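Remarks on the overall topology
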Amino acid sequence: MSEEKRRELTMVVFSGDMDKLMAAFLIATGAAASDMEVTMFFTFYGLRALKKKNVRTGKSFFGKMMGMMEGGDISKASPSKYSMGGMGRWIFNKMMGAKNVQSLEELRKMAIDLGVNLYGCQMTMDVFEIPREKMIDEVKDVVGVAFMLEHSKDSFSTLFI
Amino acid sequence: MSEEKRRELTMVVFSGDMDKLMAAFLIATGAAASDMEVTMFFTFYGLRALKKKNVRTGKSFFGKMMGMMEGGDISKASPSKYSMGGMGRWIFNKMMGAKNVQSLEELRKMAIDLGVNLYGCQMTMDVFEIPREKMIDEVKDVVGVAFMLEHSKDSFSTLFI
Amino acid sequence: MSEEKRRELTMVVFSGDMDKLMAAFLIATGAAASDMEVTMFFTFYGLRALKKKNVRTGKSFFGKMMGMMEGGDISKASPSKYSMGGMGRWIFNKMMGAKNVQSLEELRKMAIDLGVNLYGCQMTMDVFEIPREKMIDEVKDVVGVAFMLEHSKDSFSTLFI
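Every chain begins its residue count from 1, and numbering advances along the sequence as written. The order in which chains are written sets their letters, starting at A; the order in which ligands are written sets their numbers, starting at 1. Where local features are concerned, this predicted model is filtered to residues with pLDDT of at least 70; where side-chain atom pairs are given and counted, the filter is 80 or more; whole-chain, interface and lining totals use all residues. With hydrogens and water stripped out, all remaining heavy atoms of the structure feed into the side-chain values.

1. A closer look at the overall build of chain A
- In this text, helices come from DSSP runs of H or I with a minimum length of four residues, and strands from runs of E with a minimum of two, each type numbered from the N-terminal end. A tally of regular secondary structure across chain A gives six helices and five strands.
- When the helices and strands of chain A are listed from N to C terminus, the series reads β-α-β-α-α-α-β-α-β-α-β.
- Our radius of gyration looks at C-alpha atoms and nothing else; its globule reference is 2.2 Å times the residue count to the power 0.38. Radius of gyration (C-alpha) of chain A: 16 Å, near the 15 Å computed for a compact globule of 161 residues.
- Evaluated residue by residue, chain A yields a buried proportion of 59% over its 161 residues.
- Contacts: residue pairs with any heavy atoms within 4.5 Å of one another. At a minimum sequence separation of 6, the contacts of chain A that also span at least 24 residues come to 74%.
- For this count, His and the chain ends are skipped, Lys and Arg are scored as positive, and Asp and Glu as negative. A single reference atom marks each charge: NZ on Lys, CZ on Arg, CG on Asp, CD on Glu. Here chain A carries 22 positive and 20 negative side-chain charges, and the mean point of each set is 7 Å from the other. A 1.4 Å probe rolled over the protein chains alone gives each residue an accessible area, and that area as a share of the maximum for its type sets the label: buried under 20%, exposed over 50%, partly exposed in between.

What follows is the structure in structure tokens.
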């Protein structure tokens, strides 16, 4: 791979916080709009961003508990600060909306439309008991860390968010 | 761009926490002292690091509220752990000072003197209603995510902090 | 350095949270298993990952206080969410164990066996008053930010975790 050809950006999305997911999707859509190839690898709490609306996850006792605590799809994410029982999300959405910034759900849709590649982390999906069918159809594949690293190796940058 | 010439480091500073800002500016000044070119792109809570002393931000109701909650300049940042109503900041400053580590404000000054480039994120400045004139004069420009990505593409590394 | 030879991954481990350390060591062992060279630079709260079992750190009043608050070795780390007075750690360990994911301690051991290089950050060890002898013998060296940056410059990617 010659240096001139590096137009790939890899992102490891660990966080499920509303504001960090906003940052992740704003960077991803910005990169895709600039004709870069974007690989997003969602792991741990970040998996929330890939969940279908109104699904329940978890089979074991702890899995169900985690499913409840991390309940809801991307629209239910709270900011990393000022969560205030849902108030923070509402305020952030108000402020973003007032400046015509898209909601998280719209940003994810735009990312998909621009060809951003969304991957789920196999291992954390297993641990948190989130099966593939509870995730949106647009998830390209469920992969391991080796897959992410191969993309990272070909990327001009890899962000851990 | 040939690989040998890569001496640029890009940082996306999302966090406004005292300890993460310390880490960011310690890396930035270390890099600049080693003759690297450093681009810092401040966004979301990280914008606090660029604010002038004793300014109030926000025009709308929510903007003013956010201005209060994220009130104060870089010297008012609290650590990500142990904030304890300002106690954590005081303890950290004591501990840093005892080992002759500079304060955040001094580190930012040193970064500026070493030629580190500080940029504000247009979009989050709009959302949080922080106008350019409330920021320190040394901010080089107010830019978008595409600008940051172009620097990232030329950098040997991009850190998301 | 030609681009084809880039097989090094650098990680700045700032966090001492159980889940972030899991992510860091899973990526590190995955990379090392794929024959990449991995440099982990532990700083701030991340230093916990290098501490020996049952050591007390700190000399000054604040150093001892910090030693207590950040007390314990890698097995005492709590997740970034759901710490719940140790409950979160217990639940996470249960869930990981049920899916045959190694504990943090085992992951660190595997990283060491695979040749991952562990470094402590001199400056934060000084500030938090953690002497070298309180750290596990496998720590390769205690270094500064310039050392980390040199590795970053040779790496295909640098993650800030």
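2. Regarding the side chain of B:Lys51
Residue and element names in this part refer to chain B.
- Examined against the element boundaries, Lys51 turns out to sit in the loop between strand E2 (37-42) and helix H2 (61-69).
- No salt bridge is formed by the buried Lys51, whose closest oppositely charged neighbour, Glu70, lies at an N-O distance of 6.5 Å.
- At 2.9 Å, the side chain of Lys51 and the backbone oxygen of Glu70 are in polar contact. The rule for a salt bridge is simple: a side-chain nitrogen of Lys or Arg has to be within 4 Å of a carboxyl oxygen of Asp or Glu. What qualifies as a polar contact is a pair of N or O atoms within 3.5 Å, subject to a donor-acceptor requirement within protein and to the restriction that residues adjacent in sequence count only when both atoms come from side chains.

3. Description of the sheet that holds strand E3 (residues 117-121) of chain B
Residues and elements named next belong to chain B.
- Pairing within the open sheet is parallel, and its five strands lie in the order E4-E3-E2-E1-E5. Each edge of the open sheet carries a strand with a single partner, namely strand E4 (141-143) and strand E5 (157-160). Between one strand and the next, the sheet's axes are offset by a mean angle of 25°, whatever the strand orientation.
- Note: two strands are recorded as paired if DSSP finds a minimum of 2 bridges between them. When E3 meets E4, the two strands line up parallel, connected through three bridges. Angular values range over 0 to 180 degrees, each being the angle between N-to-C directions of two axes fitted as lines to C-alpha atoms, with helices fitted over their stretch in contact.

Honestly, it's all geometry; don't read function into it.
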